[in-house]
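One letter stands for each residue in the lines below.
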Amino acid sequence: MDYIEKAARVLDLEISELQRLRGRLGESFTRAVDLLKQSVEARGKVIVLGVGKSGHIGEKIAATLTSTGSPAVALNSLNALHGDLGMVADGDVILALSYSGETEELLRILPAIARFQVEVIAICGAANSTLAQNCDVLLDVNVEQEACPLNLAPTSSTTVMLALGDALAMVLL
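Now for a description of the structure that goes with this document.

Cut-offs used in this document
- Residues numbered from 1 in each chain as written.
- Predicted model: local features only at pLDDT ≥ 70, side-chain atom pairs only at ≥ 80, totals over all residues.
- Heavy atoms only, no water.
- Axes fitted to C-alpha atoms, helices over the stretch in contact; angles between N-to-C directions.
- Helix = DSSP H or I, 4+ residues; strand = E, 2+ residues; numbered from the N terminus.
- Parallel < 35°, antiparallel > 145°, perpendicular 65-115°, else oblique.
- Left-handed = near helix turned anticlockwise from the far one by under 90°.
- Contact = heavy atoms within 4.5 Å.
- Buried < 20%, exposed > 50% of the residue type's maximum accessible area, 1.4 Å probe, protein only.
- Nonpolar A, V, L, I, M, F, W, Y, C, P; charged D, E, K, R; others polar.

### Some points on the packing of helix α2 (residues 27–41) against helix α8 (residues 156–172)
Here is step 1: Packing of α2 against α8 leaves a shortest axis separation of 10 Å and a crossing angle of 55°. On the basis of the axis angle, α2 is oblique to α8. In this structure, the crossing between α2 and α8 has a hand that is right-handed. Contacts between α2 and α8 involve F29, A32, V33, L36 and K37 on the former and, on the latter, L164, A167, L168, V171 and L172.

### Side note on unusual backbone geometry
Here is step 1: Not every positive phi belongs to a glycine, and R43 is a case in point at roughly 70°.
Here is step 2: Turning to its location among the elements, R43 is positioned in the loop between α2 and β1 (46–50).
Here is step 3: Positive phi is not limited to glycine here, since N151 has a value of about 60°.
Here is step 4: The topology assignment puts N151 in the loop between β5 (137–140) and α8.
Here is step 5: Owing to a relative accessible area of 41%, N151 belongs among the partly exposed residues under this scheme.

### Side note on the packing of helix α1 (residues 3–24) against α8
Packed helices, taken two at a time, are described by their axes: the angle between them and the distance between them.
Here is step 1: It is the contact of α1 with α8, at a shortest axis distance of 9 Å, that shows an interaxial angle of 45°. In terms of axis orientation, α1 runs oblique to α8. Every pair of crossing elements has a handedness; the one defined by α1 and α8 is right-handed. Contact residues: α1 offers L13, E14, E17, L18 and L21, while α8 offers S156, T159, V160, A163 and L164.
Here is step 2: Along the lines of polarity and charge, the residues of the contact of α1 with α8 split into six nonpolar, two polar and two charged.

Okay, here's the thing in C-alpha cells:
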C-alpha cells in the first residue's frame, strides 16, 4: 500500500464517522444551541473544558466561537481548581469535552462548578460515563473506529468532536 492509499483510508474512515455523526444530530443538538444562544444573549460566555487532545480541540472550538461573536474561553482543567474557576459566572454555559467521559481532571471540576448557575453541555463518546450522567445536555460523538491502525490514537474521534464544535458555532452564528 502506498502513501496515497494510506492517506485515502484515513480520510475515508473519518468521513464515515462524520456521516455517522450527521445521522445522530437531533433534539440534544437543538437544546445545546438554545442553551448557548440564551447565555450569549444574556451576556454570558461559553467556558470550554477539556484535557489532552480534547483540550486542544476545545481551544479551537472556543476560538471559533469567539471569532464568530460568541464570547468563549478555554479553561485549563488542570488550573481550574487552583483559582481559574474565578472566570466562571452565573449564566455561563460549560462545554465539557471528554471522549471517555471519565477524565479525572475534568470530573474533579464538576462539583466545583455546581455552585454556579450554569448549564453543562457534554461532548462525549460514552453515553453511560460519569460526565454524560452529570450534564444537562449530551452530544454523542462516539466513533466505531479511529483512523489509527491500532485504533488507539484519537483521530476519527477528534475529527468528529471538532466538526461538531464547528457545527455548534456556525448554527449559533
